[in-house]
Amino acid sequence: MVEATAVRPGVIEAAISTHRHRPGALLPILHAIQDGLGYIPAEAIAAVAEALNQSRAEIAGVLSFYHHFRSTPPGSAVVQICRAEACQAVGGRDLERHAKQRLGIGYHATTGDARISLEPVYCLGNCACGPSVRIGDAVHGRVSETVFDALVDELSSDVVKVQ
Amino acid sequence: MKVVRIFVPSDTTALSLGADAVAAAVEHEARAREIDLQLVRNGSRGLSWLEPLVEVETPAGRVAYGPVRAEDVNGLFEAGLCSGASQHALFQGRPEDIPFLRKQQRLTFSRLGLSDPLSLDDYIELGGFQGLARALTMDKEDIVRWVTDSGLRGRGGAAFPTGIKWQTVLKAPSSQKYVVCNADEGDSGTFADRLVMECDPYMLVEGMIIAGLAVGATQGYIYLRSEYPLAQRIMNEAIERASQAGYLGEDLCGSGYRFDLEVRLGAGAYICGEETALLESLEGKRGMVRVKPPLPAVKGLFGQPTIVNNVLSLAAVPFILDRGPQTYADCGMGRSRGTLPFQLAGNIARGGLVELAFGATLRELLYDFGGGSRSGRPLRAVQVGGPLGAYLPETQWDTPLDYEAFAAMGAMLGHGGIVAFDDTVDLRQQARFAMEFCAVESCGKCTPCRIGSTRGVEVIDQLAVDPEGNLALLEELCETMTDGSLCAMGGMTPFPVLSAVRHFPEDFNTQRESTDSRESV
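Being a predicted model, the structure only gives us computed values, none of them experimental. (Residues numbered from 1 in each chain as written. Chains lettered and ligands numbered in written order. Predicted model: local features only at pLDDT ≥ 70, side-chain atom pairs only at ≥ 80, totals over all residues.)

Student: Mind showing me how you'd approach the overall build of chain A here?
Tutor: Along chain A, the regular secondary structure elements total seven helices and five strands. Reading the helices (α) and strands (β) of chain A from amino to carboxyl end gives α-α-α-α-β-α-α-β-β-β-β-α. C-alpha atoms of chain A, sized along the principal axes, occupy 50 × 30 × 20 Å. Counting across all 163 residues of chain A, residues that qualify as buried make up 41%. Pairs at least 24 apart in sequence give 59% of the contacts found in chain A among residues at least 6 apart. (Helix = DSSP H or I, 4+ residues; strand = E, 2+ residues; numbered from the N terminus. Buried ≥ 20, exposed ≤ 12 C-beta atoms within 10 Å, placed from the backbone. Contact = placed C-beta atoms within 7 Å.)

This is the structure:
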């Protein structure tokens, strides 16, 4: 389990004050919070609800609808593996199995040392050169099991890596 | 000393295969050899299998090498890369002579990969903003008529005539109208939108400005999927630079018109590619599909008349305005006019972007362009049009690629994504995945989609126990989903499922261990 740490002060307030007056402000606000904190903590829901004059249920409903938003802190790096058909056609299913085995976790989970969170993703738009994996904002193509292991080794040795 | 210009592409695919390391190696080698290097990070030509495709400018034109890895760079310099030497295993000759590119009809993608995507000067030099210049001299009605006359149909998949949509928005009375670009390119096997945004972003900006002029909209939004961080960076920068140069904002190009443009990020929901779910999402809500009518053209974003067009539809507009509707309409067949950027993906030897007039066949794409499978094994099934598209067996590969011809055989061209599978594919597993994907991505509004997809996964898992009874059940379930869902998500998930059952029955009849049922999402 990832320890819940104190939320860095100011991020939620800044996200709200920067975006609240834009039309359709909710997604931009949620993105700004997640970009700043890595996730959207429970206390953000009440603050955003109040700022937008919406109910907390409405904010929580939006939050839970979108796969991108997370309500728990991620590991130092988020590793996304493409599950979609073009990657399946070139060994994506085997890579998924290998990744889970190598990291010892399933999807939507974080390794015990809090370094890596594993997430599925449905298409990274790199469909001619799969299987594809995204780590942070970087996409990797033609990821074999060996390449995957090398990427993971790099993440595991890089203690201070924060995306 | 003579300056040597070397191009190393910087789109997602090139980067995913090490283009940054290649660029660094090129700089390193040039420095070590005291070569006066001008390194250009261009976009991709769309020849994905050759990425990173390094090009060098020579007196005889540009010469390409690929696929280049960082460790190849030293050898390339040794072999005489700077003068375009042909004595190297990675030598590809002039890019435009590579058959994959030579045989294409690039109207929309004519500039792809030629230059630095963010250079406004390069865009203008390569013919950019000519469509806008023409549009600024025309009446709204005439712009809309040109788009109608070009025969352009929505390239997102629904293939609705773009000009008719614009006409509806133009006629809708309102003081505030919107242009929304659907850049939620979620279909597996598609990356043409991404290439537009990463490699020729001003083309999309130009197309959207023209759309705004045509219907009197002053605000545009690009709804971009969060899986495309590089496209987000490039589009934001392109909008910033276009604004600085006076192409956006108040009194654009001194015309007295206003058009503002903004990128809005999605959040990983496939359903937001459906236009009404997209509008809900833009408004800051869950991406739930709306009942139509009212059409978005009448009552769209924030209740106002709204053009919602795919990236490729809007990207086709500058060409149509620049060269005239007839030039565009002269390509194609039947009611499918112009070109469609096909995307060759999956298990294919030469994957990438193939812009062709409608009417070619899948077989030509798979073999003449694609070169067969990447694995070297025989191709067995092809999924066209994304996760809601049918799996086609070889007997259907000679059908012309045309909206109507595909619809007639229970398939669709969609966004032009073509995913090839070799003979190791298990179509039962693919059918199961189609249902599973629908269960994960359904917005939940319609019961047949929300519940039916989950039941679909279960029924397919039960095929091993009682193939006959469960196949009948699966057919019935698919019928319910098709007839009882509001949008294409539930309505078309049966396409891949039933096409797999019909065309590949041998994968469903065998009693096999259900291995994938243990795997969780």
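Student: I'm lost on the overall build of chain B in this one. Help?
Tutor: Assigned secondary structure in chain B consists of 22 helices and 16 strands. Here chain B has a C-alpha radius of gyration of 24 Å; the compact-globule value for 521 residues is 24 Å, and the two agree. If you line up chain B on its principal axes, its C-alpha atoms span 80 × 60 × 40 Å. Per-residue burial over chain B gives 58% buried out of 521 residues. Pairs at least 24 residues apart make up 72% of the contacts formed inside chain B by residues separated by at least 6 positions. (Rg over C-alpha atoms; globule rule 2.2 N^0.38 Å.)

Student: Which parts of the structure should I look at to understand helix H3 (residues 42-52) of chain A?
Tutor: Given 3.6 residues per helical turn, the α-helix brings residues three or four places apart onto the same face. Residues and elements named next belong to chain A. Ala44, Ile45, Val48 and Ala51 are the residues of H3 that are buried. Angularly, the buried residues of H3 cover 140° about the axis, an arc narrow enough to put them on a single face. Among the exposed residues of H3, those oriented more than 90 degrees off its buried face are Glu43 and Glu50. Elements in contact with the buried residues of H3: helix H1 (11-19), helix H2 (26-37) and helix H4 (56-65). Looking at the residues trailing H3, positive phi occurs at Asn53, about 55°. (Arc of directions from axis to C-beta.)

Student: What's the story with the interface of chain B and chain A in this structure? I'm lost.
Tutor: As a measure of interface size, the accessible area lost when the parts come together is often cited. With 49 residues of chain B in contact, the opposing surface of chain A contributes 36 residues. Mapped onto the side of chain B that touches chain A, the elements with two or more residues apiece are helix H1 (12-16), strand E8 (260-265), helix H12 (275-282), strand E12 (339-346) and strand E16 (417-422) of chain B.

Student: Help me out: how do you make sense of the packing of helix H9 (residues 192-199) of chain B against helix H13 (residues 311-323) of chain B in this one?
Tutor: Helix packing for two helices is described by the angle between their axes and how far apart those axes are. All names here are of chain B. Interaxial distance between H9 and H13 falls to 9 Å at its minimum, and their mutual angle equals 50°. It follows from the interaxial angle that H9 and H13 lie oblique. Note on packing geometry: the crossing formed by H9 with H13 is left-handed. Judged by residue contacts, Ala192, Asp193, Val196 and Met197 of H9 engage Val311, Leu312 and Ala315 from H13. (Axes fitted to C-alpha atoms, helices over the stretch in contact; angles between N-to-C directions. Parallel < 35°, antiparallel > 145°, perpendicular 65-115°, else oblique. Left-handed = near helix turned anticlockwise from the far one by under 90°.)

Student: Hey, could you run me through the sheet that holds strand E7 (residues 219-224) of chain B in this one?
Tutor: Note: strands within a sheet are paired through backbone hydrogen bonds, in either parallel or antiparallel orientation. Residues and elements named next belong to chain B. In spatial order, the strands read E8-E7-E6-E9; together these four strands make up an open sheet with parallel pairing. The open sheet is flanked by E8 and strand E9 (306-310), the only strands paired with a single partner. With direction set aside, neighbouring strand axes in the sheet form an average angle of 20°. Examined bridge by bridge, strand E6 (residues 178-183) and E9 share five bridges and lie parallel to one another. Pairing of Cys181 across the sheet is with Asn309, part of E9. Along the sheet, H13 contacts E6 and E9; its crossing angle with E9, the most-contacted strand, is approximately 95°. (Pairing = 2+ DSSP bridges.)

Student: Help me understand the environment of Gly220 of chain B, please; the structure alone is not making it clear to me.
Tutor: Residue and element names in this part refer to chain B. Position of Gly220 relative to the elements: it lies in strand E7. Here Gly220 falls in the buried class, since 25 other C-beta atoms lie within 10 Å of it. Placed eleven residues apart in sequence, Gly220 and Ile209 show a C-alpha to C-alpha distance of 8.1 Å. Those residues within four positions of Gly220 in sequence are excluded, and the remaining contacts are Val179, Cys181, Met208, Gly212, Phe259, Asp260 and Leu261.

Student: What is the right way to look at the domain arrangement of chain A in this model?
Tutor: Here the domain parsing of chain A yields domain 1 (2-65) and domain 2 (77-162). The distance between the C-alpha centroids of domain 1 of chain A and domain 2 of chain A comes to 28 Å. (Domains from an automatic or database assignment.)

Student: What is the right way to look at the sheet that holds strand E2 (residues 109-110) of chain A in this model?
Tutor: Residues and elements named next belong to chain A. The mixed open sheet is built from five strands, whose spatial order is E2-E3-E1-E4-E5. What marks the edges here is a single partner per strand, and that holds for E2 and strand E5 (138-140). Bridging between strand E1 (residues 77-82) and strand E4 (residues 133-135) involves three bridges; their strand directions are antiparallel. When the sheet's bridge partners are listed, Val79 is paired in E4 with Ile135. With respect to the sheet, helix H6 (residues 92-103) is in contact with E1 and strand E3 (116-121), its orientation differing from that of E1 by roughly 150°. Docked against the sheet, helix H7 (residues 145-157) engages E1, E3, E4 and E5, running at close to 10° with respect to E4.

Student: Help me understand the nonpolar core, please; the structure alone is not making it clear to me.
Tutor: The tendency in soluble globular proteins is for nonpolar side chains to be buried side by side. In terms of nonpolar packing, the biggest core is built from 214 residues, with Val180, Leu204, Val205, Ile210, Ala211, Ile307 and Val382 of chain B touching the most fellow members. No other element matches helix H10 (residues 201-215) of chain B, which puts eleven residues into this core. Both domains that furnish three or more residues to this core are identified here as domain 1 (2-65) and domain 2 (77-162) of chain A. (Core = buried A, V, L, I, M, F, W, Y, C linked by C-beta atoms within 7 Å.)

Student: I keep staring at the confidence of the model for chain B and nothing clicks. Help me out?
Tutor: All names here are of chain B. Residue-level pLDDT values for chain B average 96, and 98% of them are 70 or greater. The low-confidence segment residues 513-521 (pLDDT under 50) makes eleven contacts with residues lying over four places distant or belonging to another chain. As a predicted assembly, this complex carries a pTM of 0.96 together with an ipTM value of 0.95. (pLDDT = per-residue confidence, 0-100.)

Student: When you look at unusual backbone geometry in this model, what are you seeing that I'm missing?
Tutor: The general pattern is negative phi for most residues beyond glycine and trans for most peptide bonds. All names here are of chain B. In this chain, Glu51 is followed by Pro52 through a cis amide linkage whose omega measures -10°. Relative to the helices and strands, Pro52 resides in the loop between strand E2 (36-40) and strand E3 (54-58). Positive phi is not limited to glycine here, since Glu34 has a value of about 50°. The topology assignment puts Glu34 in the loop between helix H2 (19-32) and E2. Assessed through the 8 C-beta atoms surrounding it within 10 Å, Glu34 is described here as exposed. Although it is not a glycine, Phe129 adopts a positive phi angle of roughly 65°. Locating Phe129 in the fold gives a position in the loop between helix H5 (120-125) and helix H6 (130-135).

Student: Explain the environment of Arg337 of chain B to me, please; I cannot follow it from the model alone.
Tutor: Residue and element names in this part refer to chain B. Position of Arg337 relative to the elements: it lies in strand E11 (residues 336-337). Each C-alpha atom, one on Arg337 and one on Asp402, is 9.1 Å from the other, the two residues being 65 residues apart in sequence. Not counting chain neighbours up to four residues away, the residues in contact with Arg337 comprise Ser150, Gly151, Leu152, Tyr328, Ala329, Cys331 and Gly332.

Student: Could you clarify how one ought to interpret the environment of Ala316 of chain B in this entry?
Tutor: All names here are of chain B. Within the secondary structure layout, Ala316 lies in helix H13. When the 28 C-beta atoms within 10 Å are taken as the criterion, Ala316 is described as buried. When the C-alpha atoms of Ala316 and Ala277 are compared, they prove to be 24 Å apart, with 39 residues separating the residues in sequence. Apart from residues no more than four positions distant in its own chain, Ala316 is found in contact with Thr108, Leu152 and Gly338.

Student: How do you make sense of helix H17 (residues 427-441) of chain B when you look at a structure like this?
Tutor: All names here are of chain B. In a regular helix each residue adds 1.5 Å, so 15 residues correspond to 21 Å; H17 covers 21 Å between its end C-alpha atoms and thus fits that length. Of all the positions in H17, only Leu427, Arg428, Gln430, Ala431, Arg432, Phe433, Ala434, Met435, Glu436, Phe437, Cys438 and Glu441 are classed as buried. Looking at the buried side of H17, the elements it contacts are strand E14 (379-384), strand E15 (391-392), helix H18 (447-462), helix H20 (488-492), helix H21 (494-503) and helix H22 (506-509). (Expected span 1.5 Å × (residues − 1).)

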